[in-house]
Amino acid sequence: MKTFADKVRTIVGKIPRGKTMTYKEVATRAGNPRAARAVGAIMRKNYDPAIPCHRVIKSDGSMGGYNRGGAVVKERILIKEQTVV
DNA sequence: TAGTTGACCGGAA
DNA sequence: ATTCCGGCCAACT
């Protein structure tokens, strides 16, 4: 944990299955509630499979993007994880 | 060191 | 309810 990105990665990796966090929430947990944009920028550059970025959505409830397939697949994953308890 | 970019958020029309 | 504009923050070049 050295940079904001490291914190964000750790936090996102702690998100339990069947649950979703908004970028703002993650940013807040990372230390800056206003760094939601930065969080997105970091996720975009991060390609770590250990980081379920698909569980991170916008505060509106919509999903931003997804470096691994797209928002469509992202939604699919969320539904799947929530269904398969 | 400074400038640019980006998966956002909130308010206003 | 939807669309447009400005603002904030961190990382990358």
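What counts and what doesn't
Think of each chain on its own: its residues are numbered from 1, step by step along the sequence as written. Starting at A for chains and at 1 for ligands, labels are handed out in the order in which the entities are written. The predicted origin of the model limits local features to residues at a pLDDT of at least 70 and limits the giving and counting of side-chain atom pairs to 80 or more, whereas totals for whole chains, interfaces and linings rest on all residues. Processing note: side-chain calculations cover all non-hydrogen atoms of the structure and skip hydrogens and water entirely. Proximity criterion: a residue is near a molecule or strand once any of its heavy atoms comes within 4 Å of it. Pairs of N or O atoms within 3.5 Å make up the polar contacts considered here, provided that, within protein, one atom can donate a hydrogen while the other can accept it, and that residues adjacent in sequence are counted only when both atoms are side-chain atoms. Numbering of helices and strands runs from the N terminus; a helix is a DSSP stretch of H or I covering at least four residues, while a strand is a stretch of E covering at least two. Under this grouping Gly is polar, as are all residues other than the nonpolar Ala, Val, Leu, Ile, Met, Phe, Trp, Tyr, Cys and Pro and the charged Asp, Glu, Lys and Arg.

(A) Structural view of the protein's contact with DNA strand B. Neighbouring residues of DNA strand B: 15 residues in total, closest Lys24, Arg37, Met43, Arg44 and Ser59. When the atoms of DNA strand B within 4 Å of the protein are sorted by group, sugar and phosphate make up 51%. At 2.5 Å, a backbone N or O of Met43 approaches a base nitrogen of DNA strand B. Taking Gly65, its main chain carries an N or O atom lying 3.1 Å from a base nitrogen of DNA strand B. Of all the elements in the fold, those that place two or more residues in the surface near DNA strand B are α2 (23-30) and α3 (36-45).

(B) Summary view of the protein's contact with DNA strand C. Around DNA strand C, a shell composed of Thr3, Phe4, Ala5, Asn32, Arg34, Ala35, Arg37, Ala38, Ile42 and Lys45 is seen. When the atoms of DNA strand C within 4 Å of the protein are sorted by group, sugar and phosphate make up 79%. Asn32 is positioned with one of its side-chain polar atoms (N or O) 2.4 Å from a phosphate oxygen of DNA strand C. Residue assignment for the surface near DNA strand C shows that the elements contributing at least two residues are α1 (4-13) and α3. Here the element with the most residues in the surface near DNA strand C is α3; it accounts for 4 residues. Here the surface near DNA strand C is built from residues that sort into 5 nonpolar, 2 polar and 3 charged.

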